Amino acid sequence: MEFYFQNSFLEINPIGRRILLTIKEAFNLVLIITSFFLLFSGIFWLRPLALLIILICLTLFLRSSAQEDVRRFYHHQTKINLNDYLDKKTRNFLIAVLTRAEILKPTNFYFFLLKEFLRKKEIRNLFGRLNIDFENFNYTVDFAKTNQDFQKLILPILISAFNLAKSLNFPSINIYFLFFGLYQNADPELGKIFESSDLKKDYLLSGILMELFRIHSFGLRSLFQPLAVFQRKISDRALLNKALTSKETYFLNAYSVDFTYLANKENAGYLIGHRQELESLIENLRQGNNVLLIGQEGTGKEAIILHLAWLIQNESVPPELLDFRLVKLDLSLIYSQNKEKFLEIMSKIIDDVRDSGYIILYFPYFEEIILEKDVDIFHILGEVLRSRDIPIIATMTPEGYQRSLTKVNLDSFFEKIEIQELSEEESIFLLTLKSILWEKKEKIIISPQSVATAVFLAKRFIKEKPLPQSAEDVIIDGLSLARKLKSKYLTKEAVQEIVAEKKKIPVKEIDIEEKEKLLNLENLLHQRIVNQNEAIKEIARVLKIYRAGLEKKKGPIGVFLFVGPTGVGKTETAKALAKIYYGSEKSMVRLDMVEFQNPEDIDKLIGTKDGQILGRLTEPIRQNPYSLILLDEFEKTHPTILRIFLPIFDEGIIKDALGREVDFTNSLIICTSNAYSEDVKQGIENGLEFDKIVDSLKSKLSQIFSVELLNRFDQVIVYKPLDEENLLKIAEIMIKDLQAEILLKHGIDLIVSSPALKEIVRLGTDPVYGARPLQRKIDEIIRSEIANLILANKLSRGNKIIVNFDQNFEFKIE
Amino acid sequence: MVLKILKVLIIDDLKEFLDFWFLHFPQNWIRSYFDQIYKFDQVLKLKANLRNITKPLYGDYTLIGYAIAFPYRVLRIIFASIFYFFLGLFYSFFLLIWLILPIFLLVYGILLSK
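For every chain, the first residue of the written sequence is number 1, and numbering continues from 1 onward in sequence order. Whichever chain is written first becomes A and whichever ligand is written first becomes 1, with later ones labelled in order. The predicted origin of the model limits local features to residues at a pLDDT of at least 70 and limits the giving and counting of side-chain atom pairs to 80 or more, whereas totals for whole chains, interfaces and linings rest on all residues. Values reported for side chains reflect all heavy atoms of the structure, with hydrogen atoms and water molecules removed beforehand.

Residues and elements named next belong to chain A. Judged by which residues are buried, strand E5 (residues 325–328) turns out to be covered on both faces: Arg325 and Val327 on one side and Leu326 and Lys328 on the other are all buried. Here, any two strands with at least 2 DSSP bridges between them count as paired. Helical segments are the DSSP runs of H or I of at least four residues, strand segments are the runs of E of at least two, and each set is numbered from the N terminus. Examined bridge by bridge, strand E3 (residues 257–258) and E5 share two bridges and lie antiparallel to one another. Looking at E5, one finds that Asp258 is bridged to Val327. Pairing analysis gives four bridges linking E5 to strand E6 (residues 359–363), with the strands arranged parallel. Bridge assignment links Val327 to a residue of E6, and that residue is Leu361. Only protein chains enter the calculation, and the probe is 1.4 Å; a residue is then buried if its accessible area is under 20% of its type maximum, exposed if over 50%, and partly exposed in between.

Quick look at the structure:
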């Protein structure tokens with residue numbers, strides 16, 4: 001197959017071409033005027049010929065499409081003139097641009113083309129949608145009068161444009177596709193301009209699609225109307241199937257919605273993605289199986305079923321399913337409205353369906369009726385499901401399925417199909433189409449970047465709902481924010497703002513404040529943690545990499561094992577990090593692993609199948625994936641439970657007891673252990689080098705933890721025992737916190753003298769517990785005394801209290 | 001050069017007109033006929049009746065049910081076939097006029113001139 005570009009005009013030299021173009025316009029005008037004149041003249045025999053000329057001119061004038069249809073292009077064609085596939089407007093634009101280029105001879109043809117494109121309203125609108133300020137493009141078009149074959153340079157651009165039109169199933173190459181061709185084939189200099197303005201291929205493609213759908217948005221509305229709208233609109237119902245082979249179902253119709261009827265009447269049933277699930281559903285129904293679709297709310301279970309109805313209506317299903325009606329029966333709704341007579345109604349419905357034949361029943365939220373205490377739905381449905389004489393599709397959430405299993409063995413009645421959430425690409429496509437409708441309604445232009453960002457962030461951080469629902473919620477919130485701010489555009493930044501606000505996570509691109517915080521992270525941690533340089537350095541390094549977007553592909557942000565004696569600052573490091581980096585200690589999920597010493601304690605960690613107990617590890621992370629997880633005394637965990645952590649540390653993903661995926665890839669995991677901490681102490685006392693102590697400790701850890709688990713830690717960091725000087729520093733930090741607290745709450749200035757501080761350290765240091773008793777000692781000696789003085793009205797706002805030590809602690813008020 | 005100018009001014013446009021009038025429009029017109037049949041068949045159900053020609057109506061599997069259903073379905077098939085035939089006739093008639101129109105104008109003009 002050979003592409004070429006040939007147009008009769010381009011065979012003439014450019015100056016002659018310009019003249020001819022003008023002559024042609026004048027010629028056509030003269031021809032039409034003359035023809036009209038002849039039509040009404042007295043020369044009778046010329047009238048038919050004049051009419052013919054008018055017919056030809058009008059046809060050519062009104063015809064805007066290409067000479068050939070891209071959709072009817074076949075691969076066996078060997079030579080393809082791309083001129084025939086250009087729509088009239090684009091063809092005229094191209095001829096004019098090439099003519100100008102051949103006369104002016106620009107040095108950089110691609111810059112010249114860009115400049116010409118930017119004169120076009122369509123491309124300017126496209127840039128507006130993409131939120132790109134083309135006025136700031138830094139380029140100049142020079143004219144060096146060098147000879148270049150511009151018609152040859154345009155060919156690859158046209159080929160790309162043709163391929164895009166073909167892949168999008170568009171009839172002709174339009175100006176947008178031609179611009180895409182330029183983007184694809186830009187020389188390195190123009191490529192740099194596009195790159196610096198953040199014009200990415202995906203955004204450009206979505207932007208083009210949105211512009212095209214904005215112009216031709218016919219039919220889109222009904223595709224995405226919620227079903228409820230159709231159900232309200234339609235009062236009459238089909239009583240029979242299409243082939244009239246079934247019986248009338250008056251009783252069923254009073255309680256149901258006929259999806260096949262809806263598909264026919266309202267052209268509903270558009271489906272994006274879920275092809276495999278749909279095929280599996282059809283195959284199972286064909287084989288006579290009942291099908292249970294299991295998927296989170298918003299994954300598109302009903303969209304699949306409605307699409308099946310559409311396929312049945314259009315006779316695009318296997319012969320076994322032709323002529324069937326697909327009828328929705330909301331059992332829990334019927335039950336809530338008719339509690340007393342529910343079983344009676346159900347029994348009549350089943351009789352009606354069985355009698356009629358050719359009906360597939362669809363039960364949404366099937367778990368609700370199964371879990372209803374006062375009704376045994378299987379009393380009626382059990383036999384129907386077993387005999388398989390009525391094809392049944394039921395839907396459930398994974399939680400509902402697990403809970404239902406405690407009551408009935410669903411697997412013996414149904415073939416299960418798990419419905420996955422849409423992929424990011426499919427979600428972007430779906431939301432791009434929906435955006436056109438929202439745009440028209442809200443009069444706010446939605447940029448493709450905002451759609452892509454909403455999907456990207458929703459996939460990673462909003463776990464309560466699956467895609468595309470989670471991203472759709474973000475865009476809708478973004479639209480109401482834009483409305484409030486009276487903005488004409490919904491931008492990527494607004495979407496980031498919404499998700500950051502919703503989930504309290506730093507999804508925005510790093511701003512100056514955060515940059516400073518990240519660069520200073522080590523210093524800030526040093527202000528709270530004493531003598532643990534290595535741990536601080538490692539954590540700061542990992543967080544910087546993560547926020548710069550350079551993190552490793554799989555697994556959590558970081559997984560650390562802090563080993564060392566009690567009271568040296570392991571837990572304190574995690575707390576400080578949660579406060580400094582995550583904003584508050586509340587962003588820390590802390591689990592004392594002493595509580596997980598038995599295999600059955602796994603329920604506490606990931607929840608129970610009936611949903612009665614929610615996982616203490618999985619649930620908080622499901623709700624807020626951007627968290628710090630502290631697993632204290634990790635070595636005390638039962639080995640069976642330790643195995644749960646292998647996929648978490650490795651892939652960053654596990655399923656909870658209800659089968660829901662929990663994503664740890666935005667979490668930082670810190671495990672602490674004081675195993676073999678005595679060896680560290682002894683080693684230091686014996687004057688061994690710290691590196692050697694660390695090596696020996698690491699090898700001993702394999703006696704507690706499996707090698708595969710140890711290998712999954714990013715770093716095993718050994719905390720050093722604290723000496724007197726370190727403890728003094730820690731005491732100073734604690735006193736500083738107390739000073740700040742008292743000043744803030746009571747306006748009292750606290751000063752602790754050096755001898756007093758030393759005495760507190762002496763009293764508060766324990767060889768076993770390290771610095772841990774220090775805080776208690778400070779509370780005992782200073783905090784409680786200040787409390788007594790405030791209650792006795794001896795100390796009030798504006799006072800200064802000095803704590804000194806000489807034999808005893810003395811409190812002097814100034 | 002004169003040929004090139006003639007080609008640009010007249011021949012290309014003429015070729016485009018002929019392509020559209022005698023090739024692309026008839027193709028699309030025929031396609032639209034089948035699209036219409038597809039839409040009408042949602043109501044007239046020629047295909048469904050052909051597929052179920054031996055099946056009774058309304059699930060009535062008695063001898064009478066079969067006896068009524070067969071002529072009913074045959075009648076509907078005949079009716080739908082006749083409808084599609086006439087629809088086809090209308091489409092063909094329009095297409096014929098469409099194809100003849102420019103030729104007629106040309107020939108009629110030439111004949112009148114003599």
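Moving on from the coordinates now.
To continue, consider the confidence of the model for chain B. All names here are of chain B. Values of pLDDT, which run from 0 to 100, indicate the predictor's confidence residue by residue. Taken over all residues, the pLDDT of chain B has a mean of 90, while the share at 70 or more is 100%. The secondary-structure element of chain B with the lowest mean pLDDT is helix H1 (residues 2–44), recorded at 88, while helix H3 (residues 63–113) shows the highest, at 93. For this predicted complex, the interface confidence score (ipTM) comes to 0.83, while the overall pTM stands at 0.71.

Quick look at the interface of chain B and chain A now. The contact criterion used is simple: two residues touch if any of their non-hydrogen atoms lie within 4.5 Å. Taken together, the contact pairs 42 residues of chain B with 38 residues of chain A. A per-residue breakdown of the area chain B buries against chain A is headed by Val8(B), Glu16(B) and Tyr58(B), which together make up 17% of the total. Only one rule defines a salt bridge in this text: a Lys or Arg side-chain nitrogen within 4 Å of an Asp or Glu carboxyl oxygen. At the surface where chain B touches chain A, the tally comes to five salt bridges. Notably, a salt bridge pairs Glu315(A) with Lys47(B), separated by 3.4 Å at the nearest N-O pair. For this analysis, a polar contact is any N or O atom pair within 3.5 Å, provided that within protein one partner can donate a hydrogen and the other can accept it, and provided that sequence-adjacent residues contribute only side-chain to side-chain pairs. At the junction of chain B and chain A, the tally comes to 15 residue pairs in polar contact (both at pLDDT 80 or more). Put simply, the parts of the chain that give the side of chain B that touches chain A at least two residues each are H1, helix H2 (46–51) and H3 of chain B. Among the elements that make up the side of chain B that touches chain A, the one with the highest residue count is H1(B) (19 residues). Class assignment of the residues belonging to the side of chain B that touches chain A gives a composition of 22 nonpolar, seven polar and 13 charged. By buried area we mean the combined loss of accessible area, with a 1.4 Å probe, across both parts when two parts are placed together. In the scheme used here, Gly and all other residues not listed as nonpolar or charged are polar, with Ala, Val, Leu, Ile, Met, Phe, Trp, Tyr, Cys and Pro taken as nonpolar and Asp, Glu, Lys and Arg as charged.

This part covers the side chain of Asp13(B). Inspection of the secondary structure assignment puts Asp13(B) in helix H1. Looking at Asp13(B), the relative accessible area reads 15%, which means it is buried.

All names here are of chain A. Following the sequence through the fold, Ala458 ends up in helix H22 (residues 448–461). When the C-alpha positions of Ala458 and Ser470 are compared, they lie 5.7 Å apart, and in sequence the two are twelve residues distant. When near neighbours in sequence (up to four residues on either side) are disregarded, Ala458 contacts Leu467, Ser470 and Ala471.

Let's shift gears to the pattern of salt bridges. One pass over the structure, following the stated rule, counts 44 salt bridges over all chains. Taking the shortest distance from any N to any O, the salt bridge between Glu116(A) and Arg119(A) comes out at 3.8 Å. Under the relative-accessibility criterion, Glu116(A) is labelled buried at 3%. Taking relative accessible area as the criterion, Arg119(A) reaches 55% and is therefore assigned exposed. A salt bridge links Arg483(A) to Glu442(A); the shortest N-O distance between them is 2.4 Å. Of this pair, Arg483(A) sits in helix H23 (residues 469–484) while Glu442(A) sits in helix H21 (residues 424–442), placing them 41 residues apart in sequence. Linked by salt bridges that have partners in common, Lys242(A), Glu315(A), Asp323(A), Lys47(B) and Arg51(B) make up one network.

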